[in-house]
Structure formats: structure tokens, C-alpha cells
Amino acid sequence: MVSGISVSPGVALAQAFVLSSEPVSFDSSPVAFEFIEREIDKFKNAVVESVKQLTLIEAHVRKKMGDDKAAIFEGHLMLVEDEELSEAVIEKIREQHFPAPAAVEEVINEHASAMEELEDEYLRARGVDMRDLGQRLVSNCLGIVPQSLDTFDREIILVAEELTPSQTAVLDSSKVKGIITERGSRTSHTAIMAGSMEIPAIVGAEGATTAIQNGDMVVLDAEQNRIIVNPTPSQLELVEYWREQYIQERTLLEELRDLPAQTSDGVMIKLVANIGSPADSGPALSKGAEGVGLYRVEFLFMETSEAPDEEMQYQAFKSVVDDMKGMPVVIRTLDVGGDKGLPYLALPKEENPFLGCRGIRLCFERPSLLLSQLRALLRAGVHGDIRILIPMISSLDEVRRFKKFLAEAQSSLENEGIAHAKELPLGVMIETPAAVFLAPHLIRETDFFSIGTNDLTQYTLAVDRQNERIADLFEQLSPAVLLGIKYTVDAAREAGKPVCVCGQMAGDVNSALLLVGLGVEELSMSPVHIPRVKNAIRKHSRVRLREIAKEVLGLATATEVKMKLEKCLG
């Protein structure tokens, strides 16, 4: 049995179609001086052809899936027409005598690799979008027509090493009954579009393209993360049962969309969404999000080959605020540095990037970068409920220094006569042990806390969660992490101020219920998790969850915590 990560729910049964993944080959030998202009023209023509293709895809997606999914390809169009990217490719052709396809591949690899090295799963997944664009440009440089995935003559389950967003966009859901890929993540645009088209999908299924052959009968159960190749008669009988179970649950969750996440004893829990771009607002609202608990601006800074100016940031923030129609939008200032590089910032390599110049430390080092963000946030604040979140705080002095920059941004807008919010709520990301210990002091000078459980776990346990050798030590249910969360929540409650959890824990049903028991009343997660978390919250009382949390805090290991939650919550 093959397994991976379920990213789009459902159960499917069909024959496998295994997609060939042979890379496009070309001669990368340096070109002679007299052919330089020919190669530049070849690249420029490839850009023109790519724009035509992407425009057609964008229109197709807008008609089939809506404006929010079409925005993915609006982003592709912005990238392919980006002057800085074109200049970088042409420079490699002119100065280093690269043939056009090799120059494209080199420049795209530089940008995509920077994204793929990021710690944040959502931002890391955007590297696939960049490579998708690169493949299109290379193919058009060579005059190669890409393989069509919209003309299957029978029902299939598509099996591939990886699907790009543009490949997924043209799939016919009446023929493609399921998707299995060896690579991918929950936050990839491919996964998002598969969910929108209601195609069951499992990604990260290592070895799938070798374990599954063309024509094999495949059962894809994305509810229980099961892939069965050439099922037995008895297994086939179960497929219909699994399908019925899925349909019943989906119907229930859809009925809950507009109902509150209220415990059985009447305590309201706010469920909000983590997003990375304005295009994510639609999916968040469709899942019942009550606002945005974490808008990660990093992707906005990675879409172009130079830092987005104030106006571009303002328009992006305003777009999300407009979509949310008065609901809160928490926007975190730029959180890059160290392991999260941006090519145009030319950041020096650090021996220990996780403890280096990242988050607010980098922004303090680049004042103009921070001020443009703050001015854009203040301007967008006149259109709705924007709240500012500061990442990577480890001292009260940093909060006070941030406030000085905010005051400077306000003063400059005032002097220029530009409309802006006079005051915006200010919050701190609790993701370092120092921030936990200082929580009583930090909350007195800020308006809210947001606990980033991913980094908090990493720093509390001294475990690099990207290091496969010690991946088993990364335990968000470690008693040490839970005690830090409890201490932070208690400090906020004593000050009468809200606290939200925006890490992976918030989207896991049992962990979310534990957080409610610990006193958390706002959870921010990937939109896809909102319906199931809401359903679970409505089944339990706050009183009982508090009892469970109290018992959990007395346990000594993550294993004991998991066993306790499984026993009490199922």
C-alpha cells in the first residue's frame, strides 16, 4: 500500500495513468558571439508566447474556478512579464553566452531554490509555481508543445512525480477522478486547485510512479490516506462504503459553514485563516473563516525580483481587507532572513540562520524596508480592521523600537496629507522561549499575542524541523511546549487581552481541542482545516476540555500526551 499526505478529500476508483516526467533536453553549450541576438530574440518570443498561453489558462480558470484561483495565474503573468527577470536572463545570454533555454533555467533555478529553502511550508510550495513558469519558458524557447492533460478518453487516476499549477488547471474533473503525486504539500497551488475541483488528491506519496503502472486499478481514499493498487474483491466492496461515509461527512461539514464554532456549553471560539496572498481570501471565506489570523507577506516580496514598493503592498493589503468586509485581518511584517533568503536583499550567509538576523531583526537592519510596510499598513487601515503582528520578538526593547518606527511612518503620512489609520492594534508573535518568559511584560505594551507553535517548538526543543536526522524530536505536543503555551495564555488573560494560535497545532483536531482547554479562544489555520476543527469544537464542552488539559499538563512526555488525547478525544 502506498501512502502520502491527503490534500483534497474524497474516494476514487479508476485505472492509473502515469505521467512521464522526463525533463526537456537541450544543448547548453555557449553560443558564438554572432548568435547572441538570435538567442535574445528567441527568449523574447518565448515570453510573448507564454503570455498568450497563461492568459488563456487564466481565463479558463476564472470561468471554471473563480477569481481567487485565477489570481494564481495573474501572478504567473506578472512574473513572466517582470522586467528584472527578463533583464537577468538577457544578461546571461549577452554576458555569459548562455543559450536562451539555459539562461532561463539558470535564472528560474536561482529564484525557485531560494523559495524552496524557506522554513514556511506555504512559501516553500511557491517554488513549484516558479519552476512551472520556467518549464513553460524553456519549452517555448525550444518550440515544444507541452503535453496536454485535458483530453483523456476514460476515467483515470493521474499519477505523477509532481503536477504544476498550470497542468492541474486544465484537468477535466469528469475524467480525472483522483491525483497522486510523489512531491507536493498541503499548501501548494496544485493542492488548492484540486480541492476546488473536488478531485481527491494525495501528495508526497514516495515511489508512487514506480509502484503504480499504467492501467493498474487504483483505489484512492484521501479521507484515510490510503492508496490500494489492484485491490482484491473484498477491498472493492469497501470502496462504496468509504464513499458513502465521505459524502455524509462532507454534507455535515457544509451545513456547519455558517454556524459558529461554539462549544456544547456555549463558549465561542473564533476560527480564522492563515493566508499568503489576496488570492487566498476566497478559499478562506468559503470554508467559514471569521477573518484572517495570519497574513504572511513573504510571498508578496518573492513575486518580484525587487522589493515591492509601498503602493503594491497597500493594494495587496487593501484587497484582503475589502474581501473580509469588516472582519479582522492580522498582517505579520516581513519574516525573512537567515534561512529565508530574498535574492535582491543580498543577505550574508550565517552559520546558524535560525538564531541569526531574521524577522524583525532584519527589518530593523533595513529601515526603509520596514517603513514602506508600515506606511502601506497604515494606509490600508482606513479600509477595515487591520492589526499588525511583529515576528521574532525576544525582548521588550524590540517592541518599543518597533513603535518608534510606527510613529515615524504615521508622522510621514500625516506630513504628506495621505489618508491613514491613526492607530492600529499591535501584537507580538510568541515563538521564542524569551517571549514566553517575558509574556507578562510584553502584553502590557501590546494589544494581543499570536503563538506560532512551529517556531516555538523549534526553539523550545532546540530542534531544526527541517533536519531529517532529528525530525522525530520535533514534537509540538511536548510538555515543555504546552507549558509555554499555557504560561502565555495565562499572561494574556490576566491582562484582559486576546491570544491566538496560528501554527500547525491549530489545524489538528485533537491539538486544537487541547488548545481550547488551555484557554485559547482564537485559532488560525489553513482554511481547509476549519470545517473539521469547527465540527470537533461543537461536540465538546469547554469544561471537559479544561479537565483534559489539566491532566495533560501533568504528563511528562509527548507520547503520553498523544495517548491521553486519543483516549479522551478519539
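Being a predicted model, the structure only gives us computed values, none of them experimental.

Participant: Teacher, can you tell me more about the overall build of the chain here?
Facilitator: When its secondary structure is counted, the chain shows 23 helices and 16 strands. For the chain, whose C-alpha radius of gyration is 24 Å, the value lies close to the compact-globule estimate of 25 Å for 570 residues. For the chain, with 570 residues in total, the buried portion stands at 54%. Long-range pairs, those at least 24 residues apart, make up 68% of the contacts in the chain with a sequence separation of at least 6.

Participant: Which parts of the structure should I look at to understand the layout of surface pockets?
Facilitator: For the second largest pocket, the calculated volume is near 1300 Å³. Lining the second largest pocket are 39 residues, and of these Asp 132, Gln 135, Ser 139, Thr 164 and Gln 167 lie nearest its centre. Elements that contribute at least two residues to the lining of the second largest pocket include exactly α1 (36-65), α4 (100-116), α5 (121-142) and α6 (165-169). In terms of residues, the lining of the second largest pocket owes the most to one element, α5, which gives nine residues. When the residues that make up the lining of the second largest pocket are grouped by side-chain class, the tally is 15 nonpolar, 14 polar and 10 charged. Both domain 1 (1-24 + 146-231) and domain 2 (26-142) contribute no fewer than three residues apiece to the lining of the second largest pocket.

Participant: Help me understand the packing of aromatic side chains, please; the structure alone is not making it clear to me.
Facilitator: Given two aromatic rings, their pairing is described by the distance between the two centres and the angle made by the two planes. Counting across every chain of the model gives three aromatic pairs. Ring centres 5.9 Å apart and planes at 90° place the aromatic pair Tyr 295 and Phe 317 in the edge-to-face group. Of this pair, Tyr 295 sits in strand β10 (residues 292-296) while Phe 317 is found in helix α12 (residues 310-324), placing the two residues 22 residues apart along the sequence. By relative accessible area, which is 1% here, Phe 317 ends up buried.

Participant: How do you make sense of the pattern of salt bridges when you look at a structure like this?
Facilitator: Should their charged atoms come close, side chains of opposite charge can pair. Counted according to the given criterion, the structure contains 31 salt bridges. Between Arg 62 and Glu 74 there is a salt bridge; the shortest N-O distance is 2.5 Å. Of the two residues, Arg 62 sits in helix α1 while Glu 74 sits in helix α2 (residues 67-80), which places them 12 residues apart along the sequence. Under the relative-accessibility criterion, Arg 62 is labelled partly exposed at 30%. Residue Glu 74 is classed as partly exposed on the basis of its relative accessible area of 34%. Taken together, the salt bridges that share partners define one network made up of Glu 310, Glu 311, Arg 375, Arg 379 and Glu 416.

Participant: How should the environment of Asn 510 be read in this particular structure?
Facilitator: Here Asn 510 lies in helix α20 (residues 509-517). A C-alpha to C-alpha distance of 37 Å links Asn 510 and Val 170, two positions 340 residues apart in sequence. Setting aside residues up to four positions removed in sequence, Asn 510 forms contacts with Leu 565, Glu 566, Leu 569 and Gly 570.

Participant: In this structure, what is going on with the sheet that holds strand β3 (residues 156-160)? I would like to understand it.
Facilitator: As summarised here, the arrangement of the seven strands in space is β1-β5-β4-β3-β2-β6-β7, forming an open sheet in which the pairing is mixed. Only two strands of the sheet have a single neighbouring strand rather than two, namely β1 (5-8) and β7 (226-229). If you compare each strand with its neighbour and ignore which way they point, the axes differ by 30° on average. Inspection of the sheet shows β3 paired to strand β4 (residues 176-181) by five bridges, in the parallel sense.

Participant: Please clarify how the nonpolar core should be interpreted in this entry.
Facilitator: Most often, soluble globular proteins keep nonpolar side chains buried together rather than apart. Ranked by size, the top nonpolar core spans 91 residues in total, and within it Phe 317 and Leu 523 carry the most contacts. In this structure, this core is formed jointly by two domains, domain 3 (249-266 + 439-569) and domain 4 (270-424), each of which donates at least three residues. When near neighbours in sequence (up to four residues on either side) are disregarded, Phe 317 contacts Tyr 295, Val 297, Leu 300, Ile 331, Gln 373, Ala 376, Leu 377, Ala 380 and Ile 386. Phe 17, Phe 152, Ile 156 and Leu 158 belong to the second-largest nonpolar core, a separate cluster that totals 57 residues.

Participant: Got a minute to help me understand a negative patch on the surface in this structure?
Facilitator: Among the surface-exposed residues, Glu 83, Glu 84, Glu 87, Glu 91, Glu 95, Glu 306 and Asp 309 lie close enough to one another that they form a single negatively charged patch. Along the chain, Asp 309 turns up in the loop between α11 (298-302) and α12. By relative accessible area, which is 45% here, Asp 309 ends up partly exposed.

Thresholds, definitions, all that
- Residues numbered from 1 in each chain as written.
- Predicted model: local features only at pLDDT ≥ 70, side-chain atom pairs only at ≥ 80, totals over all residues.
- Heavy atoms only, no water.
- Helix = DSSP H or I, 4+ residues; strand = E, 2+ residues; numbered from the N terminus.
- Rg over C-alpha atoms; globule rule 2.2 N^0.38 Å.
- Buried < 20%, exposed > 50% of the residue type's maximum accessible area, 1.4 Å probe, protein only.
- Contact = heavy atoms within 4.5 Å.
- 1 Å grid on protein atoms, 1.4 Å probe; cavity = no way out; pocket = protein on both sides within 12 Å on 5 of 7 lines; lining within 4 Å.
- Points joined across faces, edges and corners; volume = space filled by probe spheres on them.
- Nonpolar A, V, L, I, M, F, W, Y, C, P; charged D, E, K, R; others polar.
- Domains from an automatic or database assignment.
- Phe/Tyr/Trp six-rings, centres within 6.5 Å; stacked < 30°, edge-to-face > 60°.
- Salt bridge = Lys/Arg side-chain N within 4 Å of Asp/Glu carboxyl O.
- Pairing = 2+ DSSP bridges.
- Axes fitted to C-alpha atoms, helices over the stretch in contact; angles between N-to-C directions.
- Core = buried A, V, L, I, M, F, W, Y, C linked by side-chain atoms within 4.5 Å.
- Patch = residues over 30% accessible without salt bridge, like charges linked within 9 Å, V, L, I, M, F, W, Y side chains within 5 Å.
- Areas by Shrake-Rupley, 256 points an atom, 1.4 Å probe, with all protein chains shown as cover.
- Lys, Arg positive; Asp, Glu negative; His and termini not counted.
- Charge placed at Lys NZ, Arg CZ, Asp CG, Glu CD.

Just geometry here; none of it tells us what the structure is for.
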